[in-house]
Amino acid sequence: MDTYTIVEIILRSIASLFTIVGTILITYGGFRSTYKLIMLEIFKKPYEYNEIRRDLTNRIIFGLEFYIAADILETVLAPTTEELLLLGAVVGIRTVLGYFLGKEAKEYPLD
């Protein structure tokens, strides 16, 4: 096994870890928001809709950041022109999505 193969294995493992962490963050945020929504609607617990939305939005944005990091690491391993263009498009879309989600989250009143 040469050094390049070891580095490739390490980078792919880290990229996979980042993808898993991003997925866990988004999934956790979804479950947590669903729980709070059920508590609010059925049991009339003291949650606010804006608080629930802000919490979910923040977790989605944070999860997207991990996906971007994973995509960058994957592209470092196979830097063809096609891969670089695809990475640019994906990062661009995720960045714009993250920006607008973050902007929306800041607009929620803190009641």
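These numbers were taken from a predicted model, which means no experiment stands behind them.

Here is what the cut-offs are and how they apply
- Residues numbered from 1 in each chain as written.
- Predicted model: local features only at pLDDT ≥ 70, side-chain atom pairs only at ≥ 80, totals over all residues.
- Heavy atoms only, no water.
- Patch = residues over 30% accessible without salt bridge, like charges linked within 9 Å, V, L, I, M, F, W, Y side chains within 5 Å.
- Areas by Shrake-Rupley, 256 points an atom, 1.4 Å probe, with all protein chains shown as cover.
- Salt bridge = Lys/Arg side-chain N within 4 Å of Asp/Glu carboxyl O.
- Helix = DSSP H or I, 4+ residues; strand = E, 2+ residues; numbered from the N terminus.
- UniProt positions renumbered as here; feature names shortened; annotations may be inferred.
- Buried < 20%, exposed > 50% of the residue type's maximum accessible area, 1.4 Å probe, protein only.
- Core = buried A, V, L, I, M, F, W, Y, C linked by side-chain atoms within 4.5 Å.

Participant: How should I be thinking about a nonpolar patch on the surface in this particular structure?
Facilitator: A contiguous nonpolar patch, built from Ile6, Ile10 and Ile14 and spanning about 220 Å² of accessible area, is present on the exposed surface. For Ile10, the position within the fold is in helix H1 (residues 3-41).

Participant: So what exactly am I meant to see when it comes to the UniProt feature "transmembrane region" (unreviewed entry) in the chain here?
Facilitator: UniProt tags residues 6-31 as "transmembrane region" (unreviewed entry). Taken end to end, residues 6-31 has its terminal C-alpha atoms 37 Å apart, with 100% of it in helix and 0% in strand.

Participant: What am I meant to see in the pattern of salt bridges here?
Facilitator: Pairing between side chains of opposite charge can happen when the charged atoms of each approach one another. Under the definition given, this model contains eight salt bridges. Here Glu8 and Arg12 are joined by a salt bridge, their closest N and O atoms 3.2 Å apart. Placement of both Glu8 and Arg12 in helix H1 is noted, with a separation of four residues, approximately one turn of the helix. The partner of Glu51 in a salt bridge is Lys36, with the nearest N and O atoms 3.7 Å apart. Taken as a pair, Glu51 in helix H2 (residues 49-77) and Lys36 in helix H1 lie far apart in primary sequence, 15 residues in all. On the basis of relative accessible area, Lys36 is assigned to the buried category, the value being 8%. Here the residues in one salt-bridge network are Arg32, Lys36, Glu51, Asp55 and Arg59, joined through shared partners.

Participant: Quick question: what am I supposed to make of the nonpolar core here?
Facilitator: Nonpolar side chains in soluble globular proteins tend to end up buried together. If you look at the biggest cluster of nonpolar residues, it comprises five residues: Leu11, Ala15, Ala70, Leu73 and Leu77. Of all the secondary structure elements, the ones that give two or more residues to this core are H1 and H2. Top contributing element to this core by residue count: H2, with three residues.

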